[in-house]
Amino acid sequence: MIILGVNSYFEHPSVALVRDGELLFAAEDERFTGIKHGRRYSPYHSYLPIDAAYRALDHTGISFHDIDEIAYSYHRWRHLRSLWGCLTGRRLSTLREELAAFAGLACLPAALRSGYDVPQRYRHLMRPEDIRGVPFREWPHHLTHAASAFFCSGWDEALTIVCDGAGENACTSVFVGRGRRLRTVAEQVVPDSLGLFYSLVTRHLGFEPFADEFKVMGLAAYGEPRFADEFARVLPLLPDGRYRLDLRRLRALDRRVAPARSPGAPLERVHRDIARSAQQRLEEALEHIVTHYARTTGLRRLCLAGGTFLNCVANGRIAALGLFDDVFVQPAASDAGTAVGAASLSAIRRGAPAQLSYDSFCLGTAHPDRAVEAAFTQAGLEAQWLTEAEVTERLADRLARGRIAAVFRGRMEFGPRALGNRSLLAAASDPGMRDRLNRVKGREDFRPVAPIVPWEAFDDYFSGHPDPYMLFTGSAKDKAKERTPAAVHVDGTARVQAVRAEREPFLHRLLCRFADRSGDPVLINTSFNVRGKPIVESPQEALACFLGSEVDCLSMGGWFYEKGA
């Protein structure tokens, strides 16, 4: 039984393939189109992630003929039933816009089966006639978010909370996951959206809403919460884990707090303080929700999904509450992860095991060494072939000398974080390394970079919740501040990737070999891309990014190349 999960209604269009309960493949369409976040949402046109679907089929040796069901992570009829909000002022968009969106949703199955969107070069795997009789099942958006977390957690029971801009109507949803079922406990609907709250603050600060919220999170560390009282009025907390969003006040920040910043304008103290005040209120609201339902359900495990839970500072605060024995955040917590959730729901409905099996969240494409060699040859570069042990030693040596190294190996990661397979690595001991990496990538100078450390060494340098997916912020201990200053944000925190030897043997060995030379098993790990571009997917993209930047050396598969060597 093979299920193709598809997400494409909002941003981050993606696909996932599940066969008999095994998660075979998952990737965002942006990695193949080169368009960051895949698309911008518009109610006036629909979208299908055809490129990602083709790469999923090509990687797994599956074709449209083998698919038993297509699972879609948005439910058009729930969407239609919510449109009364356009007449009562509860929805921000007009009735015309929402009806246009519904029409686009209604056309998606026919669009896929028609073949209009499928290029001829893909049709050996994606023949439209092979998909015409395949069921196209729609699932509620927040349910697919919840499924992406709970059914990937490995747990039989967990409190599961979803928070994002909005689904069909829900903005925050609370579920209890048990066995094969997710039961809805509570939900809040449009316009009471924490995701919308943070996105409108993002826009007020001159960044791109529904895209640059992580910049506001990073900027907040430089500010003071002097507007906390105003944001408490914008987002009042109510009894029983509820809250309300006062859109009138939020839209009046120009008058009540400060004028909106123009994109590209200098960042001033007031902007940093707005970011800090909004971040603090978001954390307070999430703690309010989580605390209430932890106490009312008595559950000791927590699953989180939805774009709001890519806020690793808030996740760190939730983990530090001590209410749970463990917390799992879906690594692709944005809408990208709903392709996995939709596929899991359809698979379980057809009798698959409740928990998906997977080796890691490196679920995307891979490129063989012969393709890497061909890319170097086409570029006119003479790379050196090394064994894996030699690659490890060479990288450790160059990193200890202060070089920046690009690493391209194995399968591409699913989700927004580079976890060592499409990464830029550097020593954390150089206090100037953060600024240097930000220049290399063309990023704003206030942006932090994240450390990577062996799991067993985490407690020597950091306190908090160790996580392999960089989804929690913790506190840096004095040892980290003194010996790995580039890994520590201005407020003394760090978003740490903790690496287990049995799960990531190459990265773990590299950290140990680096420690042999430097004394500390801590490196900086940031994504292999430049500002405005997705993480690199192919050897050609990796070479173009490497050659067009100030990165010093490139390890790609078994091949190693160093500038100036």
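Bear in mind the structure is a predicted one, so any value in this text is a computation, not a measurement.

Enquirer: Would you mind going over the packing of aromatic side chains with me for this structure?
Expert: Two descriptors summarise a pair of aromatic rings, namely the distance from one centre to the other and the angle between the planes of the rings. Evaluated as defined, the whole model comprises 20 aromatic pairs. Ring geometry for Phe10 against Tyr41: centres 5.3 Å apart, planes inclined by 50°, an arrangement best described as tilted. Residue Phe10 is located in the loop between strand 1 (2-7) and strand 2 (14-19), and its partner Tyr41 is located in the loop between helix 1 (30-33) and helix 2 (50-60); the two are separated by 31 residues in the primary sequence. Judged by its relative accessible area of 28%, Tyr41 falls in the partly exposed class. Judged by centre distance (5.0 Å) and plane angle (85°), the ring pair of Tyr358 and Phe361 falls under edge-to-face. These aromatic residues form a ring-pair network of at least three members: Tyr9, Phe10, Tyr41 and Tyr74. The positively charged end of Arg422 is found above the aromatic ring belonging to Phe408, 3.9 Å away from the centroid.

Enquirer: Looking at this structure, I do not really get the packing of helix 7 (residues 141-150) against helix 15 (residues 338-349). What am I missing?
Expert: Each pair of packed helices can be described by the angle between their axes along with the distance between the axes. Running from amino to carboxyl end, helix 7 crosses helix 15 at an angle of 90°, the nearest separation of the two axes being 7 Å. Our classification of the angle between helix 7 and helix 15 gives roughly perpendicular. Note on element contacts: helix 15 touches helix 7 through Thr338, Gly341, Ala342, Ser344 and Leu345, opposite His141, Leu143, Thr144, His145, Ala147 and Ser148. Counted by class, the contact of helix 7 with helix 15 contains four nonpolar, seven polar and no charged residues.

Enquirer: How do you make sense of empty space enclosed by the protein when you look at a structure like this?
Expert: Considering all chains together, one arrives at three cavities of 30 Å³ or more under this definition. If you tally residues by element for the lining of the largest cavity, the top one is helix 5 (residues 95-114), at five residues. By residue class, the composition of the lining of the largest cavity is ten nonpolar, five polar and one charged.

Enquirer: How do you make sense of the sheet that holds strand 1 when you look at a structure like this?
Expert: Two orientations exist for strands paired in a sheet by backbone hydrogen bonds: parallel and antiparallel. Spatial strand order, 3-2-1-4-5: five strands in an open sheet with mixed pairing. In the strand order of this sheet, the two ends are held by strand 3 (22-28) and strand 5 (136-138), each with one partner. On average, each strand axis in the sheet is tilted by 20° relative to the strand beside it, whichever way the strands run. By the bridge criterion, six bridges tie strand 1 to strand 2 in an arrangement that is antiparallel. Across the sheet, the residue bridging to Leu4 is Leu17, located in strand 2.

Enquirer: So what exactly am I meant to see when it comes to the domain arrangement of the chain here?
Expert: A common way to report how large an interface is uses the accessible area buried once the components associate. One can read the domain layout of the chain as domain 1 (2-144 + 337-350), domain 2 (154-329) and domain 3 (365-562). Taking the mean C-alpha position of each, domain 1 and domain 3 sit 33 Å from one another. The interface of domain 1 with domain 3 comprises 16 residues on the first partner and 15 residues on the second. Taken over both partners, the interface formed by domain 1 and domain 3 buries close to 1200 Å², and the fraction arising from carbon and sulfur atoms is 56%.

Enquirer: Looking at this structure, I do not really get the UniProt feature "domain: Carbamoyltransferase C-terminal" (unreviewed entry) in the chain. What am I missing?
Expert: Here, UniProt's "domain: Carbamoyltransferase C-terminal" (unreviewed entry) annotation points to residues 396-563. Taken end to end, residues 396-563 is 28% helix and 24% strand, and its two terminal C-alpha atoms sit 17 Å from one another.

Enquirer: Even after reading the chapter, I still don't get helix 18 (residues 433-441), so can you show me in this structure?
Expert: An α-helical turn contains 3.6 residues, so a residue and the one three or four places further along point in the same direction. What helix 18 keeps buried is the set Met433, Arg434, Leu437, Asn438, Val440 and Lys441. All buried residues of helix 18 project into a common sector of 160° when viewed along the axis, lining one side. Where helix 18 is buried, its residues contact strand 15 (422-427) and strand 21 (523-527). At the exit of helix 18 stands Gly442, carrying a positive phi of roughly 70°.

Enquirer: Looking at this structure, how should I read a nonpolar patch on the surface?
Expert: On the surface, Leu87, Leu95 and Leu99 cluster together to form a nonpolar patch covering roughly 290 Å² of accessible area. In this fold, Leu95 is placed in helix 5. On the accessibility criterion, Leu95 (33% relative accessible area) is partly exposed.

Enquirer: So what exactly am I meant to see when it comes to unusual backbone geometry here?
Expert: Of note, the amide linkage connecting Val190 to Pro191 takes the cis form, showing an omega dihedral of 10°. Its location among the elements puts Pro191 in the loop between strand 8 (181-189) and helix 8 (194-204). The backbone phi angle of His12 is positive, close to 60°, even though this residue is not glycine. Considering the arrangement of structural elements, one finds His12 in the loop between strand 1 and strand 2. Residue classification places His12 among the buried positions, given a relative accessible area of 17%. The backbone phi angle of Asp240 is positive, close to 60°, even though this residue is not glycine. Relative to the assigned elements, Asp240 resides in the loop between strand 9 (237-238) and strand 10 (242-243). Using a relative accessible area of 53% as the deciding quantity, one classes Asp240 as exposed.

Enquirer: When you look at the layout of surface pockets in this model, what are you seeing that I'm missing?
Expert: In this structure, the second largest pocket occupies an estimated 590 Å³ of space. Lining the second largest pocket we find 28 residues, and of these Phe328, Pro468, Tyr469, Arg500 and Arg503 sit closest to its centre. When residues in the lining of the second largest pocket are grouped by element, the largest group, four residues, is from strand 12 (residues 326-329). Tallied by class, residues from the lining of the second largest pocket come to 16 nonpolar, six polar and six charged. Residue assignment places the lining of the second largest pocket across two domains, with domain 2 (154-329) and domain 3 (365-562) each supplying three or more.

Enquirer: Explain the sheet that holds strand 19 (residues 493-495) here, please?
Expert: The strand order 17-18-19 describes an open sheet built from three strands, whose pairing is antiparallel. Bordering the open sheet on either side are strand 17 (462-463) and strand 19, each of which pairs with just one other strand.

Enquirer: How do you make sense of the side chain of Arg31 when you look at a structure like this?
Expert: Relative to the helices and strands, Arg31 is located in helix 1. Separated by 3.2 Å, the side chains of Arg31 and Glu30 make a polar contact. Residues within four places of Arg31 in sequence aside, it is in contact with Met412, Glu413, Gly415, Pro534, Ile535, Glu537 and Glu541.

Enquirer: Any chance you could explain the environment of Leu386 here in plain terms?
Expert: Turning to its location among the elements, Leu386 is positioned in the loop between strand 13 (384-385) and helix 17 (388-400). On the basis of relative accessibility, which here comes to 4%, the residue Leu386 falls in the buried class. If we ignore the near neighbours within four places in the chain, the residues touching Leu386 are Val391, Arg394, Gly558 and Phe560.

Calculation notes
- Along each chain, residue indices are assigned from 1 in the same order as the chain's sequence is written.
- The predicted origin of the model limits local features to residues at a pLDDT of at least 70 and limits the giving and counting of side-chain atom pairs to 80 or more, whereas totals for whole chains, interfaces and linings rest on all residues.
- Derived side-chain values reflect all non-hydrogen atoms in the structure, with water molecules and hydrogen atoms excluded from consideration.
- Whether two aromatic rings pair depends on their centres lying within 6.5 Å, for rings of Phe, Tyr and Trp, where Trp uses its six-membered ring; planes under 30 degrees apart make the pair stacked, over 60 edge-to-face, and the rest tilted.
- A run of H or I in DSSP becomes a helix once it reaches four residues, and a run of E becomes a strand once it reaches two; helices and strands are each numbered from the N terminus.
- When a residue's accessible area, from a 1.4 Å probe over protein chains only, is under 20% of the maximum for its type it is buried; when over 50% it is exposed; and in between it is partly exposed.
- Counting as a charge over the ring demands two things of the Lys NZ or Arg CZ atom: a distance within 6 Å of the ring centre and an angle within 35 degrees of the ring normal.
- For every element, the axis is a line fit to its C-alpha atoms; helices are fit only across the contacting stretch, and the angle between N-to-C directions ranges from 0 to 180 degrees.
- If an angle is under 35 degrees, it is roughly parallel; if it is over 145, roughly antiparallel; if it lies from 65 to 115, roughly perpendicular; otherwise it is oblique.
- By the convention used here, residues are in contact when the closest approach between their heavy atoms is within 4.5 Å.
- Polar here means any residue other than Ala, Val, Leu, Ile, Met, Phe, Trp, Tyr, Cys and Pro, which are nonpolar, and Asp, Glu, Lys and Arg, which are charged; Gly is therefore polar.
- Both site types are read off a 1 Å grid over the protein atoms alone. A 1.4 Å probe that fits but cannot get out defines a cavity, while an open set with protein on both sides within 12 Å along at least five of seven lines defines a pocket; lining residues have an atom within 4 Å of a point.
- Grid points are joined across faces, edges and corners, and a volume is the space filled by probe spheres set on the points.
- Pairing between strands is defined by DSSP: at least two bridges between them are needed.
- For every domain, the bounds stem from an assignment made automatically or drawn from a database.
- Accessible area, probed at 1.4 Å, shrinks when two parts are joined; the buried area is that loss added up over both.
- UniProt positions are given in the numbering used here, feature names are shortened, and annotations may be inferred rather than shown by experiment.
- Taking the helix axis as origin, the arc is that swept by the directions to the C-beta atoms.
- Residues qualify for a patch when their relative accessible area is over 30% and they have no salt bridge, like charges being joined within 9 Å and the nonpolar side chains of Val, Leu, Ile, Met, Phe, Trp and Tyr within 5 Å.
- All accessibility values rest on the Shrake-Rupley procedure with a 1.4 Å probe; residue burial counts only the protein chains present in the view.
- Think of a salt bridge as a Lys or Arg side-chain nitrogen and an Asp or Glu carboxyl oxygen that are within 4 Å of each other.
- Distance and chemistry together define a polar contact, namely a pair of N or O atoms within 3.5 Å, with one atom able to donate a hydrogen and the other to accept it when in protein, and with adjacent residues in sequence counting only for side-chain atoms on both sides.

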